[in-house]
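Residues per chain, in single letters:
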Amino acid sequence: MLKKFLITFSAVLFCSRLISASDQTEKIHQTTLKNGLNVIVIENATVPLVTIEIDVRSGAFTEPPEYDGLSHFFEHMFFKANASIPNQERFLERTRELGLTFTATTSEERVNYSFTVLKDSLKPGLEFMKAAITTPLFLQEELERERLVVIDEYDRNESNPLFHLNREVNKRLWYKYYSRKNTIGNREIILTVDQDKMRTIQQKYYIPNNSVLLVAGDVKSEDIFELAKEYFENWEEGPDPFEDDPIPFHPQLEKNETIIVEQDVNAVTVMLRWQGPSVSINTKSTYVADVLTVILNQNSKFPRILVGSGLFTSVRFSYQTLDQKGPITIVATTNIKKFRQARKALFEEIKYLLDRDYFTDEQIEYAKTNLEVREKYSWERPSSYIQSVGYWWSISGDLDYYLNYTDNIRKVTRDDISEFVKKYIQNGSYIMGILVSPEDREHLQLN
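Residues numbered from 1 in each chain as written. Predicted model: local features only at pLDDT ≥ 70, side-chain atom pairs only at ≥ 80, totals over all residues. Heavy atoms only, no water.

K.L.:
Would you mind showing me how to read the overall build of the chain here?
P.N.:
When helices and strands are tallied, the chain shows 18 helices and 11 strands. Over its C-alpha atoms the chain spans a radius of gyration of 23 Å, differing by no more than 12% from the 22 Å that the globule rule assigns to 447 residues. Each principal axis of the C-alpha atoms in the chain carries an extent, and together these give about 65 × 50 × 40 Å. Among the 447 residues that make up the chain, the fraction classed as buried is 57%. The long-range fraction of contacts in the chain, counting pairs at least 24 apart against all pairs at least 6 apart in sequence, stands at 80%. The centroid of the 53 positive side-chain charges in the chain is displaced by 5 Å from the centroid of its 65 negative side-chain charges. (Helix = DSSP H or I, 4+ residues; strand = E, 2+ residues; numbered from the N terminus. Rg over C-alpha atoms; globule rule 2.2 N^0.38 Å. Buried < 20%, exposed > 50% of the residue type's maximum accessible area, 1.4 Å probe, protein only. Contact = heavy atoms within 4.5 Å. Lys, Arg positive; Asp, Glu negative; His and termini not counted. Charge placed at Lys NZ, Arg CZ, Asp CG, Glu CD.)

Put into C-alpha cells, the structure is as follows:
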C-alpha cells in the first residue's frame, strides 16, 4: 500500500541523494549520517506542527521463543527513565511541558515511536527523543510495574474471542517459527522479562544503522539534516544484527488444515489464511495483492454473492505487506443455521475467482485509482503519514518500494491477478479456523 515523492539534494550533509521528482506539493528528503542513521524529512507547512519519529527494524520477526513479546515490552520501557529523565513521572511531566503528544506501536517487522510538538519545540523534541531512544535505564522498579501494564494489555486482547481464533490459525500457519509472528507475545516470557533481555534487544537492534529518523511538518529539510547531525550523529553504530543472527524464513505450509476454536460467541466466524508474498522476494505480487484486495472488498461479485445473498453477514479479504511472508486472509461471519451452506459458497467463490467475468476491466482500473487516491489522501495529515513512510522503510529496507508504489500499482494486469490467485490462493495450502460456541459446535457436529 502506498507511496511516492521528491527529494532535494542537501549540500549540508554527505550521502544525500535525489530520490525522485514529481509535481506533488509535498516533498520527501533523505540523507544518511556517518553512523548509518537514515534521516527522512517530509515538508508540509499546512499547520505549525512537527512530528518526530524513530522507526527501528525490530518486532516479532526478531524474536526466538525465549524473547516472544519482548519487542513490545521494550516499546513500553521507552517511556520510562533514561540518562536525562530520572523516572516515568518526570517523563510524563516533560511531555506536558512540551505540549507533546506521543504514540508508539510494535508490529511484526517494525517498532516506532512518534512525538508531535509545536514547531517552536522542535529542538527540545529532538533532544527528548534522543535521550529516550539512546539511553534507556530499564530501572528494576519500573520494569516490575510495566509487567503489570503489559499483562493487562495481553488480558484485554485475550478477552476478545477473535484473538483466540487468530492465534490458533497463526500457530499452524507459521508452525516452525510462530514466535516470530506473535507480536503480543507469550505470557510466561513477559512475566519473567529482566534487565539483561532489555539490554540485549537495545544493543542488538536499537542502533542507528538499523533505524530511521523521520521528521514531518512545518520544517525545512536542510535545517533538519543539520539538527539530526547535531543530536544523533554521536549515537554509536553497531554490527548488522541480521548478519550474525539471520531471520529464519518461514517454511511452506504443506497441507490444508481446519481447526475449531470454542469461545462464548453467538455467531460463527470462518477465517481462511494463506502464506502470502514477501516484499523482498515476491515484490510484484505484493502490489497485485493490494489491487485484488480492493476489488474483492468493494466492487466485485465476491461480497455481493456471499453477503448480498444473506449467507454471511460480513466478509473481508486482506493482505498484510511484510518481508517475512505477509498473510492473505478471508474472515467471514455467519450464523449456525447458514454455516454449512455459507462455507460451501465461500469455497465456490474462491474457485470462480479466475473466471473472466468475475470482475471487469473497469473494476480493476477502479481498484488502482482507489489505491492512488488513498495514497494521496494520506498526505493530508503528516503526523500519521510519517508513520506510513516509516513502515515501508522498515519492511523493505529503503524507500524505493514506497516511492514506486503508485507506478507499480498502475502496471498490475488481469493476468497478474490470475497468476496471484492461482499461486497463493487456489494452489496454496491454507489454515481454516472456525470460531464457534461449544453449544453450536455440538449442534453442528464439528470435529
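Moving on, there is more to tell.
K.L.:
Can you walk me through the sheet that holds strand β7 (residues 257–262) in this structure?
P.N.:
The pairing of strands in a sheet happens through backbone hydrogen bonds and is either parallel or antiparallel. Read from one edge of the open sheet, five strands run β7-β11-β8-β10-β9, paired in mixed fashion. Strands with a single pairing partner mark the edges of an open sheet, and in this sheet they are β7 and β9 (314–319). Pairwise comparison of adjacent strand axes, ignoring direction, gives a mean angle of 15 degrees for this sheet. In this sheet, strand β10 (residues 327–334) lies alongside strand β8 (residues 268–275) in antiparallel orientation, the contact comprising eight bridges. Bridge pairing in β10 places V270 opposite A332. Contacts from helix α5 (residues 161–173) reach β7, β8 and β11 (430–436) within the one sheet, and its direction differs from that of β8 by about 30 degrees. (Pairing = 2+ DSSP bridges. Axes fitted to C-alpha atoms, helices over the stretch in contact; angles between N-to-C directions.)

K.L.:
Could you clarify how one ought to interpret the pattern of salt bridges in this entry?
P.N.:
Side chains that differ in charge, positive against negative, can pair when their charged atoms come close. Taken as a whole, this structure holds 27 salt bridges when the rule is applied. Between E168 and K171 there is a salt bridge, with its nearest N and O atoms 3.8 Å apart. You can see E168 and its partner K171 sitting in helix α5, three residues apart, about one turn around the helix. The exposure class of E168 is buried, given its relative accessible area of 19%. The class of K171 is partly exposed, set by a relative accessible area of 34%. Among the salt bridges present, the one from E348 reaches K351, with a minimum N-O distance of 3.2 Å. Residue E348 and its partner K351 are both found in helix α12 (residues 339–352); the two are separated by three residues, about one turn of the helix. (Salt bridge = Lys/Arg side-chain N within 4 Å of Asp/Glu carboxyl O.)

K.L.:
Just checking my understanding: could you explain the packing of aromatic side chains for this structure?
P.N.:
Aromatic ring pairs are reported here in terms of the distance separating the ring centres and the angle at which the planes meet. This model, assessed by the stated rule, comprises 25 aromatic pairs. Taken together, F74, F78, F79, F91, F102, Y113, F115, F128, F138 and Y206 form an aromatic cluster joined through their ring pairs. Seen from the ring of W174, K181 lies directly overhead, with NZ or CZ sitting 4.3 Å from the centre. Note that K197 overlies the ring of Y67, its terminal NZ or CZ placed 5.2 Å from the centroid. (Phe/Tyr/Trp six-rings, centres within 6.5 Å; stacked < 30°, edge-to-face > 60°. Lys NZ or Arg CZ within 6 Å of the ring centre and 35° of its normal.)

K.L.:
Is there a simple way to explain helix α2 (residues 88–98) in this structure?
P.N.:
Those residues of α2 lying buried are F91, T95 and L98. Buried residues along α2 cover an arc of 70 degrees about the axis, so they all sit on one side. Close packing links the buried residues of α2 with β4 (101–106), β5 (111–118) and α3 (122–134). Sitting at the amino-terminal end of α2 is N87, which places a side-chain oxygen 3.2 Å from the backbone nitrogen of E89. Backbone geometry just after α2 places G99 at a positive phi near 60 degrees. (Arc of directions from axis to C-beta. Polar contact = N/O pair within 3.5 Å; in protein donor to acceptor, adjacent residues only side chain to side chain.)

K.L.:
Explanation requested: the pairing of β9 in the structure shown.
P.N.:
For a regular strand, side-chain orientation follows a simple rule: the groups alternate between the two sheet faces. Across the two faces of β9 the burial differs, with V315, F317 and Y319 buried and S314, R316 and S318 not buried at all. Relative to β10, β9 is paired through six bridges, and the arrangement is antiparallel. Paired with S318 across the strands is T329, a residue of β10.

K.L.:
Looking at this model, I keep getting lost on the side chain of H164. Mind explaining?
P.N.:
Looking at the element boundaries, H164 is found in helix α5. A distance of 2.7 Å separates a polar side-chain atom of H164 from the backbone oxygen of E158. Those residues in contact with H164 that lie beyond four places of it in its chain are E158, V261 and Q263.

K.L.:
Mind showing me how you'd approach the sheet that holds strand β6 (residues 211–217) here?
P.N.:
One open sheet accounts for six strands, arranged β1-β2-β6-β3-β5-β4; its pairing is mixed. Only two strands of the sheet have a single partner each, and these edge strands are β1 (27–32) and β4. Taking each pair of neighbouring strands and ignoring which way they run, the sheet shows an average axis angle of 15 degrees. The pairing of strand β2 (residues 38–43) with β6 spans six bridges and is classified as parallel. Residue pairing across strands places I40 opposite L214, the latter belonging to β6. Its contacts with the sheet put helix α8 (residues 221–232) on β1, β2, β3 (49–56) and β6, and the angle it makes with β2 is roughly 150 degrees. Against the sheet, helix α14 (residues 382–396) makes contact with β1, β2, β3, β4, β5 and β6, and its axis sits at roughly 155 degrees relative to β6, the strand it touches most.

K.L.:
Can you walk me through a nonpolar patch on the surface in this structure?
P.N.:
Together, V47, L49 and L118 line one region of the surface with nonpolar side chains, adding up to about 240 Å² of accessible area. In this fold, L118 is placed in strand β5. (Patch = residues over 30% accessible without salt bridge, like charges linked within 9 Å, V, L, I, M, F, W, Y side chains within 5 Å. Areas by Shrake-Rupley, 256 points an atom, 1.4 Å probe, with all protein chains shown as cover.)

K.L.:
Whenever I open this one, the packing of helix α4 (residues 140–158) against α5 confuses me. Can you help?
P.N.:
For any two helices packed against each other, the geometry is given by the interaxial angle and the distance between the axes. At a minimum axis distance of 6 Å, the contact between α4 and α5 shows a crossing angle of 95 degrees. For the element pair α4 / α5, the angle class is roughly perpendicular. Across from Y154, N157 and E158 in α4, the residues of α5 making contact are F163, H164 and R167. Residue composition of the contact of α4 with α5, grouped by class: two nonpolar, two polar and two charged. (Parallel < 35°, antiparallel > 145°, perpendicular 65-115°, else oblique. Nonpolar A, V, L, I, M, F, W, Y, C, P; charged D, E, K, R; others polar.)

Just distances and angles here, no functional claims.
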